[in-house]
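This is what each chain is made of:
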Amino acid sequence: MGDGYNFQQLKAAILALSQAADLEVAKKEWRLVDISEADEPETCLCGHFPIIELCTIANAATAKSVDVGNVCVKRFLGFRSDLIFQSLKRVRADLDKAISKDATAFFHERGVINDWEYQFQQSTMRKRILSQRQLEIRRALNQKVIAAVRRRGLS
Ligand SMILES: [Zn+2]
């Protein structure tokens, strides 16, 4: 492939941590459970270096979890974790912006934002002009989301 992402290597590593021996079946055991950012670049399961945006995926059948990069999450699970990181960057730069639909769904599922905030996001996400009160809620929600994504340093 030559792009540093070795899918065969990823596949072998994932299968070793899965119950199923077939990749298509094994896929169903895995889901994205967390995202974080590394202070020091890390190496993905596929061998790609560097990765900074880390996605923790967990296997429901074997209780194993592992960190991979955005490209492999997309390739393996078809999940656009890169869009969540994009959203994070956006609101870090400007708290008045809203996080995207994907990010809203992810952080709601993770319990970072509650049902009420989820509904609030659904109804105000596309609005550029908010009331003062709505703007305060959006900012608080953004801060919660930013705080929820751990930075992982060397310990
Ligand atoms: Zn990878």
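Residues numbered from 1 in each chain as written. Predicted model: local features only at pLDDT ≥ 70, side-chain atom pairs only at ≥ 80, totals over all residues. Heavy atoms only, no water.

### Side note on unusual backbone geometry
Leaving glycine aside, a negative phi is the common case for residues, and trans is the common case for peptide bonds. Note that the residue after F49, namely P50, is joined by a cis bond; omega there is 0 degrees. Of note, P50 is situated in the loop between strand 1 (30–42) and strand 2 (51–59). The phi angle at A63 is positive, at roughly 60 degrees, despite the residue not being glycine. Looking at the secondary structure, you find A63 in the loop between strand 2 and strand 3 (65–69). The exposure class of A63 is exposed, given its relative accessible area of 69%. (Helix = DSSP H or I, 4+ residues; strand = E, 2+ residues; numbered from the N terminus. Buried < 20%, exposed > 50% of the residue type's maximum accessible area, 1.4 Å probe, protein only.)

### Notes on the domain arrangement of the protein
By convention, interface size is frequently given as the accessible area that disappears when the constituent parts associate. Each domain of the protein was delimited in the assignment, giving domain 1 (7–79) and domain 2 (83–152). A C-alpha centroid distance of 25 Å is found between domain 1 and domain 2. On the domain 2 side, the residues contacting the 17 residues of domain 1 number 13 residues. Taken over both partners, the interface formed by domain 1 and domain 2 buries close to 1400 Å², and the fraction arising from carbon and sulfur atoms is 44%. Put simply, domain 1 and domain 2 have 5 salt bridges between them. Between R31 and E109 there is a salt bridge, with its nearest N and O atoms 2.4 Å apart. There are 7 residue pairs in polar contact (both at pLDDT 80 or more) connecting domain 1 and domain 2. Secondary-structure elements contributing two or more residues to the side of domain 1 that touches domain 2 are strand 1 and strand 2. (Domains from an automatic or database assignment. Contact = heavy atoms within 4.5 Å. Buried area = accessible area lost by both parts, 1.4 Å probe. Salt bridge = Lys/Arg side-chain N within 4 Å of Asp/Glu carboxyl O. Polar contact = N/O pair within 3.5 Å; in protein donor to acceptor, adjacent residues only side chain to side chain.)

### Here's the deal with the environment of V145
Here V145 lies in helix 7 (residues 132–148). Residue classification places V145 among the buried positions, given a relative accessible area of 1%. Residues V145 and A16, spaced 129 residues apart in sequence, show a C-alpha to C-alpha distance of 33 Å. Residues contacting V145, with those up to four places away along its chain left out, are L88, I99, F107, V112 and I113.

### Let's talk about the nonpolar core
One finds I35, I57, F107 and V145 to be the most contacted residues of the largest nonpolar core, which totals 34 residues. Residue assignment for this core shows that the elements contributing at least two residues are helix 1 (7–16), strand 1, strand 2, strand 3, helix 3 (70–77), helix 4 (81–93), helix 5 (101–109) and helix 7. Formed jointly, this core draws a minimum of three residues from each of two domains, domain 1 (7–79) and domain 2 (83–152). (Core = buried A, V, L, I, M, F, W, Y, C linked by side-chain atoms within 4.5 Å.)

### Structural notes on the environment of F107
With respect to the helices and strands, the residue F107 is situated in helix 5. Between the C-alpha atoms of F107 and A148, which are 41 residues apart in sequence, the distance is 8.7 Å. When near neighbours in sequence (up to four residues on either side) are disregarded, F107 contacts I35, I84, I99, V112, I113, V145 and V149.

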